[in-house]
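Each chain is listed here by its residues.
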Amino acid sequence: MSENINHEENQYSANSIQVLEGLEAVRKRPSMYIGDVGKRGLHHLVYEVVDNSIDEALAGFCTHIEVSINEDNSITVRDNGRGIPTGMHEKEHRSALEVVLTVLHAGGKFSKDSYKVSGGLHGVGVSCVNALSDYLKAEIHREGKIFVQEYSKGKPVTGVDVVGETDDTGTIITFHPDSEIFTASIVYDYDTLAARLRELAYLNKGITLTLTDRREPVRDTDDNGVETESFRKDIFYSKDGLKEFVQYLDADSEKLIENPICLETDKIIPIEIAMQYNTGFTEKIYSYVNNINTIEGGTHLQGFRMGLTRTLKNYAEKNGMLAKLKFDLDASDFREGLTAVVSVKVAEPQFEGQTKTKLGNGEVVSAVSQATAGALESYLEENPKDAKAIVDKVILAATARHAARKAREMVQRKTVMSGAGMPGKLADCSERDPEKCELFLVEGDSAGGTAKQGRDRMTQAILPLRGKILNVEKAMEHRVFESEEIRNIYTALGVTVGTEEDSKALNLSKLRYHKVIIMTDADVDGSHIATLILTFFFRYMQDLIRNGYVYLATPPLYLVKKGREEIYCWTEEQRRDAAAKLGKGSDKGVTVQRYKGLGEMSDEQLWDTTMDPQKRLLRQITIDNAAEAERTFSMLMGDDVPPRREFIEANAHYANIDA
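These numbers come from a predicted model, not from an experiment.

Draft legend 1. The sheet that holds strand β25 (residues 591-594), seen in detail. The strand order across the open sheet formed by three strands is β24-β23-β25, and the pairing between neighbours is antiparallel. Where the open sheet ends on each side, the last strands, each with one partner, are β24 (565-569) and β25. Sheet twist, expressed as the mean angle between neighbouring strand axes with direction ignored, is 20°. In this sheet, β24 lies alongside strand β23 (residues 558-562) in antiparallel orientation, the contact comprising five bridges. Counted as the bridge partner of Lys561 is Glu566 from β24. Across the face of the sheet, helix α16 (residues 572-583) comes into contact with β23, β24 and β25 while running at roughly 5° to β23.

See the structure below:
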């Protein structure tokens, strides 16, 4: 077989090298700079601008940061810092403001004279935001004047103009994300932004951050009959920093000790830590470097764990509290029921790991370990009652761990790695490439039977689950591994669980499906079952979620029919529109079927609406803010009823709340 090759077209020469000027590289490959061009990247633009203002606050020049979502989904970020310099830049021969907004890695944070530490993961800052916005306006209050410059897609469309005088200082950045880049949506989610600003307020005590949504004004009438207009607004401020953060995260748990153990030091590296024990069984430790959530941990987390384990173990041994223990303690035993936040400020952080959120600076280990040990030693000596409660909790955790190991070994014996068969109820697919395979976790045998009939047998596997699985939020670890339904999930997925360092660690190398789809009824019970499964994945298989393997199926709520015409509907609004369309203004002959469960559908209907990859609507489960997700699961699935009731009343559309 011969090929005709055009050598001129395929020649690789010096002329083949493409040089992208200025911010063209950002527009060409935006995901390299902000992670992605979906929801996460869209919101990351706001974080980059806010990080600049936080840097001003860390340097001691800013106390207030205001974020507004405007009517057109543009964003305005205003601070009362010094204002970006507007004078002529010696090397660039243009305004320093224009340099900051058009040159990558330009800014005061690269000079040790301006900022000791700076936030932001990628360091691309506001210039990247400028490149990915179809409009950006910078308003600088500085030196008694108001300077303004406007941009489009990273290029200036005006000069730096003086438009007025002022007595204050600060920077106001307004930008509108470019729909050519963010093709899915440019609509900002208030709750996502609020979660990040709340987190920043805790991490940077004494700074006031506000968020205002100007898209949907709330109109009301005052006592005098005058119509008023207000907007959704939140103010985030923390006086005690991480102490309040831990109390916020642990609000729905039963305390083991009354108040958090806190430390703050600025000897070599600025370190701030707060921790609190509760009666639960989950370890919740969040680590931050320069305000960035290091989800993969790193040397600061390593140092904290070392200091905690060594200090607690030494105290328990010195006071003869381990004399009757018949087996060795494990490092994880000291962290069961622990909620902690570890925050360090590092001048030149070295990040590693797949998502560049794992700290690699070696000098941080000993600094954090020593700080933790010193603070904890003092606390234990001064609070013997709390110390005994913590050590008793550690011993209980060790006892439960031994029981869990036996239960976990039972799971391992039943996995495919040991040659045992799959769960009896699993209807597997014939494809063996995990990237092409899907596992549907289906509520009940009835719906499972329908799904088995309607599926694509080549790529879709079905595992029916009996009733409501165990609520792992309230269960000790060995109870989790003893649950038959949970063992079946482990076995079907083919993953191994547990290492010497981490009893919940997953090995995904043998994962048999790259889409795990939770498919439950579209009612209250179905939502509860889905939440129970998600709680299990979040607590015991979080890597599945972080790798993008977990999805929620969305079966329709209604089938609207007239004659042979049928329209499936997922919302009440769609139902009304469908009825109006088929009825042409009349209800005559139009019937509406409300699906109460998957079992009410035929296998053809279930395939057409919920399982067919060409037509279905899947919702991918992501973790945008780990701390906020942690709090939500604790609140929804924990023991404290009032917060859960308030959440349901505020968010549920069809829940009947029992007293």
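Draft legend 2. Up close: unusual backbone geometry. Phi is positive for Lys153, which is not a glycine, with a value near 55°. In this fold, Lys153 is placed in the loop between β4 (145-152) and β5 (155-156). Residue Lys153 is classed as partly exposed on the basis of its relative accessible area, which comes to 29%. Of note in this structure, Asn291 is not a glycine but carries a positive phi near 75°.

Draft legend 3. Molecular detail of the pairing of strand β3 (residues 133-142). Sheet topology note: the β3/strand β7 (residues 170-177) ladder contains eight bridges and is antiparallel. When the sheet's bridge partners are listed, Tyr135 is paired in β7 with His176. Bridging between β3 and β4 involves seven bridges; their strand directions are antiparallel. Considered in β4, the bridge of His141 is made with Ile146.

Draft legend 4. Structural detail: the environment of Cys62. Structurally, the position occupied by Cys62 is in the loop between α3 (39-58) and β1 (64-69). For the pair Cys62 and Arg82, spaced 20 residues apart in sequence, the C-alpha separation works out to 7.6 Å. Excluding residues within four positions of it along the chain, Cys62 makes contact with Ser53, Glu56, Ala57, Asp79, Asn80 and Gly81.

Draft legend 5. Fine view of the packing of aromatic side chains. By the definition in use, this model includes eight aromatic pairs. Summarising the aromatic geometry, the rings of Phe481 and Tyr540 are spaced 5.9 Å apart at their centres and angled 90° between planes, so their arrangement reads as edge-to-face. Here Tyr540 lies in helix α14 (residues 524-540) and Phe481 lies in helix α12 (residues 477-482), a separation of 59 residues in the sequence. A relative accessible area of 0% places Phe481 in the buried class. On the basis of an interplanar angle of 40° and a centroid distance of 5.6 Å, the ring pair of Phe536 and Phe537 is categorised as tilted. You'll find Phe536 and Phe537 in the same group, each marked buried. By way of ring pairs, the aromatic residues Phe481, Tyr490, Phe536, Phe537 and Tyr540 are connected into one cluster. Sitting over the ring of Tyr47, Arg196 keeps its end group 6.0 Å from the ring centre.

Draft legend 6. Fine view of the sheet that holds strand β18 (residues 460-465). With respect to topology, five strands assemble into an open sheet ordered β18-β17-β21-β22-β26, the strand pairing being mixed. For this open sheet the edge positions go to β18 and β26 (618-620), each flanked by a neighbour on one side alone. Strand-to-strand twist of the sheet, defined as the mean angle between neighbouring strand axes without regard to direction, takes the value 25°. Pairing analysis gives five bridges linking strand β17 (residues 438-443) to strand β21 (residues 515-519), with the strands arranged parallel. Looking at β21, one finds that Phe440 is bridged to Ile517. Relative to β18, helix α13 (residues 484-493) is tilted by about 170°, and along the sheet it contacts β17, β18 and β21.

Draft legend 7. Broad picture of the pairing of β21. Among the five residues in β21, four count as buried, and that is most of the element. Bridge analysis of β21 against strand β22 (residues 550-553) gives three bridges, and the strand direction is parallel. Paired with Ile518 across the two strands is Leu552, which belongs to β22.

Draft legend 8. Main features of the packing of α13 against α14. The contact between α13 and α14 brings their axes to 12 Å, and the two run at 60°. Overall, the two elements α13 and α14 adopt an arrangement that is oblique. As α13 runs across α14, the sense of the crossing is right-handed. Between α13 and α14, the residues in contact are Ile486, Ile489 and Tyr490 and Phe536, Phe537 and Tyr540, respectively. Partitioning the contact of α13 with α14 into residue classes produces six nonpolar, no polar and no charged.

Draft legend 9. Spotlight on the confidence of the model for the protein. Per-residue confidence for the protein gives a mean pLDDT of 84, with 84% of residues at or over 70. Low confidence marks residues 653-659, where pLDDT is under 50. Its contacts with residues over four positions away, or in another chain, come to 11 contacts.

Criteria and cut-off values
Residues numbered from 1 in each chain as written. Predicted model: local features only at pLDDT ≥ 70, side-chain atom pairs only at ≥ 80, totals over all residues. Heavy atoms only, no water. Pairing = 2+ DSSP bridges. Helix = DSSP H or I, 4+ residues; strand = E, 2+ residues; numbered from the N terminus. Axes fitted to C-alpha atoms, helices over the stretch in contact; angles between N-to-C directions. Contact = heavy atoms within 4.5 Å. Buried < 20%, exposed > 50% of the residue type's maximum accessible area, 1.4 Å probe, protein only. Phe/Tyr/Trp six-rings, centres within 6.5 Å; stacked < 30°, edge-to-face > 60°. Lys NZ or Arg CZ within 6 Å of the ring centre and 35° of its normal. Parallel < 35°, antiparallel > 145°, perpendicular 65-115°, else oblique. Left-handed = near helix turned anticlockwise from the far one by under 90°. Nonpolar A, V, L, I, M, F, W, Y, C, P; charged D, E, K, R; others polar. pLDDT = per-residue confidence, 0-100.

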